[in-house]
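Listed below, chain by chain, are the residues.
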Amino acid sequence: MINDRQSRRQMLTETPIPQLIVKLSIPTIISMLVTAFYNSADTYFVGKISTEATAAVGLVFSVMAIIQALGFFCGHGSGNYLSRMLGAGKKKEANEMASTGFAIAVILGLIVVGLGNIFVKDLAVWIGATSTTMDDTVAYMRIILIGAPFMMAQFVINNQLRFQGSAIYAMVGLMCGTVINVILDPLLILVFDMGVSGAAIATVSGQLISFIVLLIGSYRGENIKINIRDVHINGHYILEIINGGAPSLFRQGMAAVSTLLLNKYAGFYGGDAAIAGMSIVTRVMMMMVSALIGFGQGYQPVCSFNYGAGLKKRVREGFYFCVKWGTIFLLVLAVLSIAFAPQIVEWFRDDPDVVAVGTVALRCQAAVMPLMATTVMCNMMLQSMGKGLKASISSSARNGICFIPLILILPRILGITGVEIAQTVADVISVFISVPLAWTELKEMNEASITK
């Protein structure tokens, strides 16, 4: 076991940065693409039912975003801390944080199940369900809420494995769940004619399988094992989870609020077709950017471990490497998305009104997509270094600080066009918030390296 720990430390602190990040990012990129495909499967198959069903799934996505926010909060918060502790050679603290983060996620998941199902109809109205989408929204959401503890727990284990440098186990866990979901979706929706309920059952089944496989993976090899005896829900660990996980909570939480507002204004200015169109664009953008996020997740354990070990030059090198190649990658995707936007939207839902809204929105968002390489890497670096306040501001910029005021203002001036371009304008402004926050840390690390 000692040799295993030494070999992992040697890998993270001595392997050339480009080689190390590519090695760690391959399984995380696959994991994120699998997750994006997993999230898009319901939209695709439900799109075969009706525009109203597609809109209902899009509405519930904001609730799923809240569940994911809580899962990432516990997962990133505990993962960041345990990685820094492993880098500093403090195995006991890392063990306790892993189990504590997992336990808190399960508790929060159970609370979500209880409260969500008690107030499910009120929640459906709150997220924008109309008389035409109410039944589908409630049916889909009731089942999705049941899967909350499994979804949140799997996010915790997945992130803890990544931050330990065991991304391959995380990838396998997510892939198993996705396979189940993709198999069950057409079977339950199209063959057994279960509609949106079938889509929800397929999603929850996939989450359950992912959770089981990830839990088994956490007990393999040198990975930290979840142990009830290591659970310490005290002020110290809660504060550390808040410090490391708040950026993810803000990012995902703001995404949930943004999706809610987007659906409301899309429905007000364009009806169910506009909700469906914007929901499709959200899923498509998520699928394309997921590869970038996976690339950044390959950088995160490198950043946190080396920062904890005092090797700040490697932290900076990794950041610039990811920004450069991330920008190039997104530039290629942007060109393809602009060229084939109508065909992409139509693939999900062949409705002229849906395609009209989705095409404009997708082209606008794709035009500025390369900028996301910089904003995403700034946030990931700050979060992995434990710079909670700066990371929280950075993570809130795109979907919160910038987007929320824009979605409240632009549609009132431009109508449905304002809905379609709000995210594009927010992406541009968020660069001017994230870069200065990261630059101060990069400058400080550069000066420290020169001094040494």
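Figured I'd write up the structure that's included with this text.

Thresholds, definitions, all that
Residues numbered from 1 in each chain as written. Predicted model: local features only at pLDDT ≥ 70, side-chain atom pairs only at ≥ 80, totals over all residues. Heavy atoms only, no water. Helix = DSSP H or I, 4+ residues; strand = E, 2+ residues; numbered from the N terminus. Rg over C-alpha atoms; globule rule 2.2 N^0.38 Å. Contact = heavy atoms within 4.5 Å. Lys, Arg positive; Asp, Glu negative; His and termini not counted. Charge placed at Lys NZ, Arg CZ, Asp CG, Glu CD. Salt bridge = Lys/Arg side-chain N within 4 Å of Asp/Glu carboxyl O. Buried < 20%, exposed > 50% of the residue type's maximum accessible area, 1.4 Å probe, protein only. Core = buried A, V, L, I, M, F, W, Y, C linked by side-chain atoms within 4.5 Å.

Concerning the overall build of the chain
Counting its secondary structure elements, the chain contains 16 helices and zero strands. Compactness check: the chain gives a C-alpha radius of gyration of 21 Å against a globular reference of 22 Å for 452 residues, within 12% of the reference. If you line up the chain on its principal axes, its C-alpha atoms span 60 × 45 × 35 Å. Once local pairs closer than 6 in sequence are excluded, the contacts in the chain between residues at least 24 apart make up 83%. Where the 31 positive side-chain charges of the chain centre and where its 25 negative ones centre are 12 Å apart.

A word on the side chain of Q297
Mapped onto the fold, Q297 is located in helix α10 (residues 235-308). What Q297 contacts, discounting residues up to four positions off in sequence, is T28, M32, R162 and M380.

A closer look at the pattern of salt bridges
Under the counting rule described, the total for this entry stands at five salt bridges. Two residues, K92 and E96, come together in a salt bridge whose shortest N-O distance is 2.8 Å. In this pair, K92 and E96 both sit in helix α4 (residues 91-118), four residues apart, roughly one turn of the helix. For E441, the salt bridge goes to K387, with nearest N and O atoms at 4.0 Å. With a gap of 54 residues between them, E441 in helix α16 (residues 416-451) and K387 in the loop between α14 (372-384) and α15 (388-414) connect regions that are remote in the sequence. Note on E441: relative accessible area 6%, which makes it buried.

Focus on the nonpolar core
Membership of the largest hydrophobic core comes to 125 residues, with the highest contact counts inside it found for Y140, M369 and M381. Top element by residues in this core is α10. It accounts for 25 residues. Among residues more than four places away in sequence, those in contact with M381 are Y299, C303, V315, F319, A438, E441, L442 and M445.

Description of the environment of V179
Among the structural elements, V179 can be located in helix α8 (residues 167-191). Classification of V179 by relative accessible area gives partly exposed; the value is 46%. Along the backbone, V179 and V34 are 145 residues apart, and their C-alpha atoms lie at a distance of 9.0 Å.

As for the environment of Q343
Position of Q343 relative to the elements: it lies in helix α12 (residues 341-348). For Q343, a relative accessible area of 47% gives the class partly exposed. The spacing of Q343 and T359 is 16 residues in sequence and 8.6 Å in space, taken between C-alpha atoms.

Quick notes on unusual backbone geometry
Phi angles above zero are rare outside glycine, and D193 is one such case at about 55 degrees. Here D193 is to be found in the loop between α8 and α9 (195-218).

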